[in-house]
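Report on the structure
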Amino acid sequence: MSDDLQPDADLAIAHVLFIDIVAYSKLAIDQQKEVVQQLNHYVRDSEQFRRADTAGKLIRMPTGDGVALAFFTSPDAPVRCAIEVSKAVRNSSALQLRMGIHSGPVDQLSDVNERSNLAGTGINMAQRIMNCGDAGHILLSQRVADDLVQYTRWRSQLHELGEVELKHGVRVSVFNLYTDEVGNPEVPQKLRQAAGKKPIEKARVPVRSQRLLATICLSCTALVMCLRFLPALPVLSHVWGHEQRLQDWLHRTGRRTATHPELVFVGISTKSLAGPESAKAGKDRMLQLMAEHPFPWSREIWARLLDRLLESGARLVIFDLIFNQPKEGDQVFRAALDRYRDRVVVSANFDLENGNEFVAPNADLIPPPAQYDDRVGYVNYWIDKQDGMLRAARFFTSERQLTGQKPSQEERPYVSLVARAMEKLGRSNDVPHDLKDHLIRFSATDAYQPYPIWEIADPDMWHSKYSDGEFFEDKIVIVGPSASKLGDVLDNPISSEIKGPVMHLNVLAATMDHEFLRKLPIALDLVIVSVFGLLAWLLLGRIGRWLKCLLSFLALSVAYLLLAFLLYNFLGIFVPIFPPLLTLLACGFLGFVAQQLHKRSQSMVHG
């Protein structure tokens, strides 16, 4: 290369291939001329050479015992050219070559003969890397390897040899490129004696040390896992706190328990509380009793209601009403309860604000101990203490459990209203026989609309709307408040004001259909979070191109959301959603930033 260079140089990034003929100086003069001509022939026949030369994006410089090619196209152009030349030489010549490749800044100059020439670290570094090799070696700098490892084709062909000290004390990581057809898999002689410079089977990702990515992913994963046990930590507690909101979203948007047409809600409506018109009061004894006294009415009404419904063919009547105080008509109602004891259930209640006192039907209706009578079941549900929302049903409970103590096997448990109803229906085996709260899949929001009790009492409505009772044939009827002023409402994921009787019907339908939901154990939740941390590390390590990596993270997130939705719909399983996805995205974002910063710093060092 000429030393007579013009001073007004233009700086550019070149992808340089330096080729050297091994043992050139040991050849006779005529042999030297012959091998140089052979090399020039193979180089000019290279497809990459012709393509870049035709586009005017190639500068070629003879070096006496070889040639330097500066490509101004893509970073893999000199690598492809090296492979093409190596194959050609291997197939048809005994010529031995060694090659070095580097991408870096060069000055595009003209010598005194007006021929294009180059100078700069891009050329110098390629030559120094080439000088590290033996016959057959194709050696690459770290910078070129970082670009190539972004692509699957090159990743398996790159093998890190470690750092080597070049001229002027410059240290650079060198990679060996070889396949079954080209290259030299042996460690170059100059590197064999270097301590700790063992070849690695595969090139590393753009971040030179996987330990940096592993540290980021491990830290993010450990932080998210630890927050599971710190529910009161400001702001950060929302990582797991938001999980309940996502599960409630699944309640609302996912599959619902089928609405059972045999379940009927007879409601004490606002109009029923107002009493019948005077003209109608004399048409029926029930209407007369409603007109005589304001609610709560004489219990003769409930006796007559039982007669009317059960004689019409109803399978079961459930009273979501507490009859704890003696009242007019108790004797008539007791006779009806005894008469239909296999087809009726009445309510009891735990007064949670007064020491969990068990409030049972009065002794005139159900003789004590009423809690063990197969017609009595408690109506209580235990809400989530964090947000006051009702999501689960407890079918059995005990005194020790209510006081926060460990239940004893010797205790006789209390039975819920729904569990009693299932007994009467001959399906007690479908009820979970434990003291746990069982999450249920709710029915549709508008399921089980109330039929006002005054309509059943009115002979005209009984005939026109209910076909003289034919409507109630084979029905399971629950009787309870539907008027807002009676205040029997509950807050759950599908409605902020679900009526108490409707809640019982939701639980009854879910129990009939075995629509119980499950949350995973805490340990399994944490395992899923750790798996997502591992997936983030693998994606960052194996996918170099940032856009492809981003799309992979997004695709994995969408796939997991779909999986969570399907598991809820078909298996009734809640898997954690927010913590694993937060782990994935946090690891991905921080890892990507670290990659870019490290790559930029390496470019500055090797440039």
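Residues numbered from 1 in each chain as written. Predicted model: local features only at pLDDT ≥ 70, side-chain atom pairs only at ≥ 80, totals over all residues. Heavy atoms only, no water.

Focus: the overall build of the protein chain
- The number of helices and strands found in the protein chain is 22 helices and 23 strands.
- For the protein chain, the C-alpha radius of gyration of 42 Å lies well beyond 25 Å, the compact-globule estimate for 607 residues.
- A principal-axis box enclosing the C-alpha atoms of the protein chain has dimensions of 130 × 50 × 45 Å.
- In the protein chain, which comprises 607 residues, the proportion classed as buried is 49%.
- Considering only intrachain contacts with a sequence separation of at least 6, the fraction spanning at least 24 residues in the protein chain is 73%. (Helix = DSSP H or I, 4+ residues; strand = E, 2+ residues; numbered from the N terminus. Rg over C-alpha atoms; globule rule 2.2 N^0.38 Å. Buried < 20%, exposed > 50% of the residue type's maximum accessible area, 1.4 Å probe, protein only. Contact = heavy atoms within 4.5 Å.)

A closer look at the sheet that holds strand β14 (residues 392–394)
- Read across the sheet, four strands follow the order β14-β17-β22-β23 without closing on themselves; strand pairing throughout is mixed. Edge positions in the sheet fall to β14 and β23 (573–574), since each of these pairs with one other strand and no more.
- Across two bridges, the pairing between strand β17 (residues 437–440) and strand β22 (residues 516–519) is antiparallel. Paired with I440 across the bridge in β22 is F516.
- Across the face of the sheet, helix α19 (residues 500–512) comes into contact with β14, β17 and β22 while running at roughly 90° to β17. (Pairing = 2+ DSSP bridges. Axes fitted to C-alpha atoms, helices over the stretch in contact; angles between N-to-C directions.)

As for the pairing of β17
- Sheet topology places β14 next to β17; three bridges connect them, and they run antiparallel. Bridge pairing in β17 links R394 to D437.

Description of the confidence of the model for the protein chain
- Taken over all residues, the pLDDT of the protein chain has a mean of 88, while the share at 70 or more is 91%.
- Counted against residues more than four places away or in other chains, residues 1–9, with its pLDDT under 50, gives 19 contacts.
- Scored below 50 in pLDDT, residues 195–208 shows 44 contacts in the model against residues more than four places distant or in partner chains. (pLDDT = per-residue confidence, 0-100.)

Details of helix α2 (residues 47–54)
- Considered for burial, the residues of α2 that qualify are Q48, F49 and A52. Axial view of α2: buried residues confined to an arc of 100°, hence all on one face. α2 presents R51 and T54 as exposed residues on the side facing more than 90 degrees away from its buried surface.
- As for α2, its buried residues are in contact with α1 (29–44), β2 (58–62), β3 (66–71) and α3 (77–92).
- N-cap assignment for α2: the residue whose side-chain oxygen lies 3.4 Å from the backbone N of Q48 is S46.
- After α2 finishes, the residue G56 shows a positive phi value of roughly 70°. (Arc of directions from axis to C-beta. Polar contact = N/O pair within 3.5 Å; in protein donor to acceptor, adjacent residues only side chain to side chain.)

Notes on the pattern of salt bridges
- Taken as a whole and judged by the stated rule, the model has 28 salt bridges.
- Here D53 makes a salt bridge to R60, at a shortest N to O gap of 3.7 Å.
- According to the relative accessible area criterion, R60 is partly exposed, its value standing at 43%.
- Of the charged contacts, one joins K283 and D460 as a salt bridge, the two residues approaching to 3.1 Å between their closest N and O atoms. Note that K283 is positioned in the loop between α11 (278–281) and α12 (285–292) and D460 in helix α18 (residues 459–464), a separation of 177 residues in sequence.
- Residue classification places D460 among the partly exposed residues on the basis of a relative accessible area of 42%.
- Sharing partners across several salt bridges, the network here consists of R334, D338, R341, D373, D374, R375 and K424. (Salt bridge = Lys/Arg side-chain N within 4 Å of Asp/Glu carboxyl O.)

Digging into the packing of aromatic side chains
- Tallying each qualifying case throughout the model produces 23 aromatic pairs.
- Their ring planes at 40° and their centres at 6.2 Å tell us that W462 and Y466 sit as a pair that is tilted.
- Residue classification places W462 among the buried positions, given a relative accessible area of 10%.
- Overall, the relative accessible area of 0% leaves Y466 in the buried class.
- Ring centres 4.7 Å apart and planes at 70° place the aromatic pair F532 and Y560 in the edge-to-face group. (Phe/Tyr/Trp six-rings, centres within 6.5 Å; stacked < 30°, edge-to-face > 60°.)

A closer look at the nonpolar core
- Within the largest apolar cluster, 48 residues are counted, with the highest numbers of intra-cluster contacts made by W302, L305, L306, F319, F333, F472 and V477.
- Filtering out sequence-adjacent residues up to four positions away, L306 remains in contact with E311, V317, F319, F333, A336, L337, Y340 and V344.
- With 36 residues, the next largest nonpolar core counts Y448, I476, I478 and A510 among its residues. (Core = buried A, V, L, I, M, F, W, Y, C linked by side-chain atoms within 4.5 Å.)

Here we look at the packing of helix α8 (residues 210–227) against helix α20 (residues 522–542)
- At a closest axis distance of 9 Å, the pairing of α8 and α20 adopts a crossing angle of 155°. Here α20 runs roughly antiparallel to α8, going by the angle between their axes. Crossing angle aside, the handedness with which α8 passes α20 is right-handed. Facing α8, whose interface residues are Q210, L213, A214, C217, T221, V224 and M225, α20 presents L526, V529, S530, G533, A536, W537, L540 and G541.
- Looking at side-chain class alone, the contact of α8 with α20 contains ten nonpolar, five polar and no charged residues. (Parallel < 35°, antiparallel > 145°, perpendicular 65-115°, else oblique. Left-handed = near helix turned anticlockwise from the far one by under 90°. Nonpolar A, V, L, I, M, F, W, Y, C, P; charged D, E, K, R; others polar.)

Comments concerning a nonpolar patch on the surface
- A surface patch of nonpolar side chains, amounting to about 500 Å² of accessible area, comprises W546, L547, L550, L551 and L554.
- Topologically, L550 is positioned in helix α21 (residues 546–571). (Patch = residues over 30% accessible without salt bridge, like charges linked within 9 Å, V, L, I, M, F, W, Y side chains within 5 Å. Areas by Shrake-Rupley, 256 points an atom, 1.4 Å probe, with all protein chains shown as cover.)

Describing the pairing of β3
- Of all six residues that make up β3, six are buried, and the element is covered over most of its length.
- Burial of β3 is two-sided: the residues G66, A68 and A70 facing one way and the residues V67, L69 and F71 facing the other way are all buried.
- Pairing of β2 with β3 involves five bridges; the strand directions are antiparallel. Each bridged residue has a counterpart across the sheet, and for M61 the counterpart in β3 is A68.
- Count of turn residues in the β2/β3 antiparallel hairpin: three residues, of which G64 carries a positive phi of about 90°.

Section: the environment of G377
- Residue position: G377 is located in strand β13 (residues 376–378).
- Between the C-alpha atoms of G377 and G267, which are 110 residues apart in sequence, the distance is 19 Å.
- Discounting residues that sit within four places of it in the chain, G377 has contacts with V345, V346, S347, A348, V415, S416, L417 and R420.

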